[in-house]
Amino acid sequence: MAKNIESAFPGYIMADIPVEEGNEGTRAWTADRWQEEFSASRTRLKAFLDARDPYVILARTASRLLIETVQARPKIRRLEQAEVEFLQTLLLASEAPVLRVPTSPGNFVRLWQLVARNLRAFMLREDDRDGWERLGQRVRHHTLYYRNTMERSDCERLMSAILTRIDKQSREAMGFDISALYAAMTRLFEMVNDRQSTFMGKLGDLLHSHDRVKVNAAISFFKSAYPLAALVWRDSDKRYDDLQSLRYVAFQMSELAYPWIFTFSRQSLEEAFSPSIANELFSLAHDKGELAGGNPDHVYLNNPIWAKPYVRLPSDELFVPLPQLAYSFPFAIIERLIGERDGLKKAYENARAECLEIQIEHNVRTMLPSAEVYRAVQWDDPETGKTWENDIVARLGNFLFVFEAKSGRLHDIARRGGTRSLKTNFEDLYVEPGIQGWRLQNYIDTHGRNAVFRLKQDGSRVDFRLDKPKVVYRFSICIEHFAHLTSARHNLMALGLIEDNTAWAPVLSLGELGMIVRYLDSEGAAQHYLTRRATLEEVLAFEGDEQDLLSLYLTNGFWLDGAALDGQFLRFFEADIPVRIPKTPRENRRTFETPVPLSPLWQAICRELYQDVENRHRFDLINVILNQSPPTLAEIERRVRKYRRGVPHRGEDAISVRIHVGNRVFVLACLLAKTLPDQQEWPEFGRSMVLPFLQEDNTVDCASFVFGRRSKESGSDGYSFLRAGLARKRSPLMDTFGLSEENYSGDTGDE
């Protein structure tokens, strides 16, 4: 079975999820046993921090997190940001005096394993449950570990757009521009990174320079960086004559100097920003001991540092071990500042909704440069008399991509797994968008070319070219969501929120949409991803998020064997490496490139079709090709090339292959012709290939290509496209055909 699944899932292997280092022998532990481990590990962590300098511990751990963000070490377990957050919270909850006691490298390794074990125990101390309670467990896991996936630049752009819109209200309500404060937070991230680079440069001099003057300069830097480093060094530079011994001892001392990277005086912040903004940065800090006395369990799912990310030192300095919280929890930080100031809160909510739509529109225009993109499209339902609106609609050929923007926030209770709040959030943010998109599809199917659309802004008409049937693909785009839960339809079905025939739209966060735009920088690949992503669960039952699915597409172009995967439930584990690799998108996206492994002939045909901008069905034709099995396409190419070389085809002049994707059938038909068919004969070839696959509940897309004997064409000598469906009352059919210009001129027609 494993082998069959692997062959049906190219690029992936079946494997048992390995036990993490430090968790050996725990597979059979009960929830009660994990509860014991949770309490014991937390006690040990508290004792560990209270017995040492906690700022060194936190700074050294935070530095490792920064390094692994850009350069993960494959043989070492990646540090989770949640683990560093928890260490910071433990520091803030401790009332113990700060002891100038160093921590050895070996103790750091044990500490990091212990933190990971404590968070794991927190999640496993409950028995497995069903229904909403089971969902609550998974939501809590998401809240504990999952962070905003938006790229830093995208996050800064979105937050700037939102906050500059409410600066006037924030000045009146709070006395400062809230956009300036957020800009300072992001600049603080850069300042920490600059210090990290300086620190690592000095460490490089210490460990690798053959110039003793440089080594001594590095030692002086580390001694002056933090008092504990100077305390343990004393007069060591006079005790070691040989350079290698001096390096070794100085390296141990440098491990205690890491707080320098994250510590800023008030004066330096006032110089970098302004006294008022520096003061507001300090207002976003907790004092050590401030979190003592609270319920220790609450910090896992509602950590106070998510909204107040910094630490205030007794020396009137700001300690910033996690500057990336400005990107991980930007909305929590801003919303805490806004509080219940009604006017400012309302302005913020309006700005958030408007900017989400604007950003979606920008991303869609970038991703699909050939598309006509409309924002706030309205239409009237003659049966109910209601006016409906779709947020972003893009027409690309005969595809309509509908993106519903959901700017609502996830309730704090929902993040902690509260079932009533979860149900409300899921219905509003994740179920309703699918219904909105379905209404549009139903309206078009029912009224065809008589359907009327207009822009909300000025009432001007929108022409979706409904003289040819359109296929609608629906998506919900949220600012915040539960990535592992809302990307998969089966979760909503299991909870009774939708049924098998209920309209549904894949749910993406704005950050995930930006990720798709970044990695799929060819329009040909982007449109194929969207058309397949919208129907992926008709082929694949999975548990994963958009990072896993985009990685799947980058790995094999969604080339999956649905028959072999039928009845299987797949869980992705560490499968998102392709989207962890930095990517600079190409500037010109009007090109055809795809992760689908096409043979040379089909690559050439797809490129020719894409460049034929006058062909209204170029994307229909391309998608039929991309949805076929690459080995099958390669075999067809082999037969075509043999035929063009003059090898007899023994009467086998027609080749037909098909693939089922839910209730869609994609048929690719090829005709090996001694003489090219005339304009009357050629469309009938495609129709003859479609009819055997028509059923009551499906739609058939058929792309036909003709290849002439001794042809000089790099691709095909002609093509036709037919879409036929019997599921709708008006049985829409449409077709187009064209042959090489030296034989025929192109033409199109509809039925």
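To keep things clear, this report deals only with the structure shown in the data block. (Residues numbered from 1 in each chain as written. Predicted model: local features only at pLDDT ≥ 70, side-chain atom pairs only at ≥ 80, totals over all residues. Heavy atoms only, no water.)

## Quick look at the sheet that holds strand E3 (residues 310–312)
Strand order across the open sheet formed by four strands is E1-E4-E3-E2, with mixed pairing between neighbours. Either end of the sheet is taken by a strand with one partner, and the two such strands are strand E1 (263–265) and strand E2 (285–287). Taking the axes of each pair of neighbouring strands and ignoring which way they run, one obtains an average angle of 35° across the sheet. The sheet contact formed by E1 and strand E4 (residues 317–319) spans three bridges and is antiparallel. From the neighbouring strand, Ser265 faces E4, where its bridge partner is Glu317. (Pairing = 2+ DSSP bridges. Helix = DSSP H or I, 4+ residues; strand = E, 2+ residues; numbered from the N terminus. Axes fitted to C-alpha atoms, helices over the stretch in contact; angles between N-to-C directions.)

## Looking at the side chain of Gln547
Its location among the elements puts Gln547 in helix H25 (residues 546–556). In this structure, Gln547 is in contact with Tyr146, Thr149, Met515, Asp576 and Val579, ignoring residues within four places of it in sequence. (Contact = heavy atoms within 4.5 Å.)

## As for helix H2 (residues 31–50)
Over its 20 residues, H2 extends 29 Å from the first C-alpha to the last, a length consistent with the 28 Å expected when each residue adds 1.5 Å. Residues of H2 that are buried: Ala31, Trp34, Glu37, Phe38, Ser41, Arg42, Leu45, Phe48, Leu49 and Asp50. In this fold, the buried residues of H2 make contact with helix H3 (54–70), helix H4 (81–93) and helix H5 (105–124). (Expected span 1.5 Å × (residues − 1). Buried < 20%, exposed > 50% of the residue type's maximum accessible area, 1.4 Å probe, protein only.)

## Thoughts on H3
For H3, spanning 17 residues, the distance from its first C-alpha to its last is 25 Å, which sits close to the expected 24 Å at 1.5 Å a residue. The buried fraction of H3 is high, at 14 of 17 residues. Regarding H3, its N-cap is Asp53, as a side-chain oxygen of that residue lies 3.0 Å from the backbone nitrogen of Tyr55 further along. (Polar contact = N/O pair within 3.5 Å; in protein donor to acceptor, adjacent residues only side chain to side chain.)

## Quick look at the sheet that holds strand E10 (residues 471–478)
The seven strands lie next to each other as E9-E8-E5-E6-E7-E10-E11, forming an open sheet whose pairing is mixed. Each edge of the sheet is formed by a strand with only one pairing partner; in this case those strands are strand E9 (461–462) and strand E11 (507–509). Direction of pairing for strand E7 (residues 399–406) relative to E10: parallel, over a ladder of eight bridges. For Val402, the partnering residue across the bridge sits in E10 and is Arg474. Relative to strand E5 (residues 372–380), helix H18 (residues 342–367) is tilted by about 125°, and along the sheet it contacts E5, strand E6 (387–396), E7 and E10. Across the face of the sheet, helix H20 (residues 419–447) comes into contact with E5, E6, E7, strand E8 (453–455), E10 and E11 while running at roughly 160° to E10.

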